[in-house]
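This is what each chain is made of:
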Amino acid sequence: MTADPRPDSQPADLRHVDTWLFDLDNTLYPAESGLMAEIERRMTAYVMQVTGLPRDDAYRLQKQYLADYGLTLGGLVEHHGVDPADFHTIFHDMPLEGVAQDLELVAAIARLPGRRLIFTNADAFHAERVLKHLGMTELFDGIFDIGSADYVPKPAPATFARISAEHGIDPAKTAFFEDSERNLKPAAVLGMTTVLVGPYAQASTADFVDYKIDRLAPFLAQAQLKDAA
């Protein structure tokens, strides 16, 4: 598959794309912002509260549920009867000061022709709040959140089928941007163009990843688009 175009290589050819799917956390802002670390801290505290386990054991259980269900929430619902809506409220007052606005990225996304959608395992409240903070609310045509997926997270094929049906997505004309390698695999199976984003992207050896990029803004700014000259 196609490797990430570095500054001295040819821009990505995305002239076939008219639907742009973006993950939210650690994709539209850099992982080094620390927001995901705070999300994990809050999840661990929630698992401690629900189970009564000490922190280290709660952290291990959290990670086990993540591995088994694709989301910590999946295990909490299955084994502890947690209300998904209650769980998501723990993220609704997340401090966002460490997440900087990226005007270069805003401009790069704004030039993309066609529809732009958020595809996230977070809930809609969190997604809307982060997008507003980033100055990106008006850039996107919709949010497909974990509630839209009936709390079945990426990378479940059923969730990709659901978003495709709800938004009339043609995979052959769709690009999907993610910081999680495993979430790209079902997209690739459907025929989407897959882009792995983040500091560890270049180390990926997955044959279902089309592009591996450190930063989203320069990749999008340089890409060949169908409406571009």
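Keep in mind it's a predicted model, so treat the numbers as computed, not measured. Residue positions are given per chain, counting from 1 as you read along its sequence in written order. Side-chain atom pairs in this predicted model are given and counted only at pLDDT of 80 or more, local residue features only at pLDDT of at least 70, and totals for whole chains, interfaces and linings cover all residues. Side-chain figures throughout are based on the complete set of non-hydrogen atoms in the structure, without hydrogens or water.

Draft legend 1. Layout of the side chain of Thr120. By the criteria applied, helices consist of DSSP H or I runs no shorter than four residues and strands consist of E runs no shorter than two, each listed in order from the N terminus. With respect to the secondary-structure elements, Thr120 resides in the loop between strand E3 (115-119) and helix H6 (124-134). Relative accessibility thresholds used throughout: buried, under 20% of the residue-type maximum; exposed, over 50%; partly exposed, between the two (1.4 Å probe, protein chains only). Judged by its relative accessible area of 3%, Thr120 falls in the buried class. When near neighbours in sequence (up to four residues on either side) are disregarded, Thr120 contacts Asp23, Leu24, Ala127, Ile143, Phe144, Asp145, Ile146 and Lys154. Pairs of residues are marked as contacts when any of their non-hydrogen atoms sit within 4.5 Å.

Draft legend 2. Inspection of the pattern of salt bridges at higher detail. Salt-bridge detection follows one rule: a side-chain nitrogen of Lys or Arg within 4 Å of a carboxyl oxygen of Asp or Glu. With the rule as written, the count across this model stands at nine salt bridges. When the shortest N-O distance is used, the salt bridge between Glu104 and Arg215 registers 3.1 Å. With Glu104 in helix H5 (residues 103-110) and Arg215 in the loop between strand E7 (211-213) and helix H9 (216-222), this residue pair connects regions lying 111 residues apart in the sequence. On the basis of relative accessible area, Arg215 is assigned to the partly exposed category, the value being 45%. A single network of salt bridges, built from pairs that share partners, joins Glu38, Arg41, Arg42 and Asp93.

Draft legend 3. How the structure looks around helix H3 (residues 72-80). Those residues of H3 lying buried are Thr72, Leu73, Gly75 and Leu76. Projected down its long axis, H3 shows its buried positions confined to an angular sector of 160°, all on one face. Next to the buried residues of H3 lie helix H1 (35-51), helix H2 (55-69) and helix H4 (84-88). Following H3 by one or two positions, Gly81 adopts a phi angle in the positive range, close to 65°. Taking the helix axis as origin, the arc is that swept by the directions to the C-beta atoms.

Draft legend 4. Molecular detail of the sheet that holds strand E5 (residues 174-178). Here six strands make up an open sheet; going across it, the order is E4-E3-E2-E5-E6-E7 and the pairing parallel. The open sheet has two free edges, formed respectively by strand E4 (142-144) and E7, since each of these has just one partner strand. Taken pair by pair, the neighbouring strands of this sheet meet at an average axis angle of 20°, ignoring direction. Following DSSP output, two strands are said to pair if at least two bridges run between them. Of the pairings in the sheet, the one linking E3 to E4 comprises three bridges and is parallel in character. Pairing of Phe119 across the sheet is with Phe144, part of E4. Axis definition: a line fitted to C-alpha atoms, limited for helices to the stretch in contact. Angles are taken between N-to-C directions and run from 0 to 180 degrees.

Draft legend 5. Molecular detail of the side chain of Thr72. With respect to the helices and strands, the residue Thr72 is situated in helix H3. Relative accessible area serves as the criterion here: at 2%, Thr72 is assigned to the buried category. In terms of polar contacts, Thr72 uses its side chain to reach the backbone carbonyl oxygen of Gln62, at 3.3 Å. Thr72 has contacts with Met43, Val47, Gln62, Tyr65 and Leu66, leaving out every residue within four places of it along the chain. Polar contact is defined as a pair of N or O atoms within 3.5 Å, subject to the rule that within protein one atom must be able to donate a hydrogen and the other to accept it, and that residues adjacent in sequence are counted only when both atoms are side-chain atoms.

Draft legend 6. Fine view of the layout of surface pockets. Grid points spaced at 1 Å and placed over the protein atoms alone form the basis of the search, with a cavity being a set where a 1.4 Å probe fits but cannot get out and a pocket an open set showing protein on both sides within 12 Å along at least five of seven lines. Lining residues have an atom within 4 Å of a point. Grid points are joined across faces, edges and corners, and a volume is the space filled by probe spheres set on the points. Approximately 620 Å³ is the volume found for the largest pocket. Met36, Met43, Leu66, Leu71 and Asn121 are, among the 27 residues lining the largest pocket, the residues nearest its centre. Here the lining of the largest pocket gets four residues from one element, more than from any other, and that element is H1. Following the grouping adopted for this structure description, the nonpolar residues are Ala, Val, Leu, Ile, Met, Phe, Trp, Tyr, Cys and Pro, the charged ones are Asp, Glu, Lys and Arg, and the polar ones are all others, Gly among them. For the lining of the largest pocket, the residue count by class is nine nonpolar, nine polar and nine charged.

Draft legend 7. Quick look at unusual backbone geometry. In this structure, the amide linkage connecting Lys154 to the following residue, Pro155, adopts the cis form with an omega of 10°. Looking at the element boundaries, Pro155 is found in the loop between E4 and helix H7 (157-167).

Draft legend 8. Seen up close, the pairing of strand E2 (residues 19-22). Here E2 shows two buried faces, one formed by Thr19 and Leu21 and the other by Trp20 and Phe22. With four bridges connecting them, E2 and E3 associate as parallel partners. Following the sheet pairing, Trp20 is matched in E3 by Arg116. Sheet topology note: the E2/E5 ladder contains four bridges and is parallel. Pairing of Leu21 across the sheet is with Phe176, part of E5.

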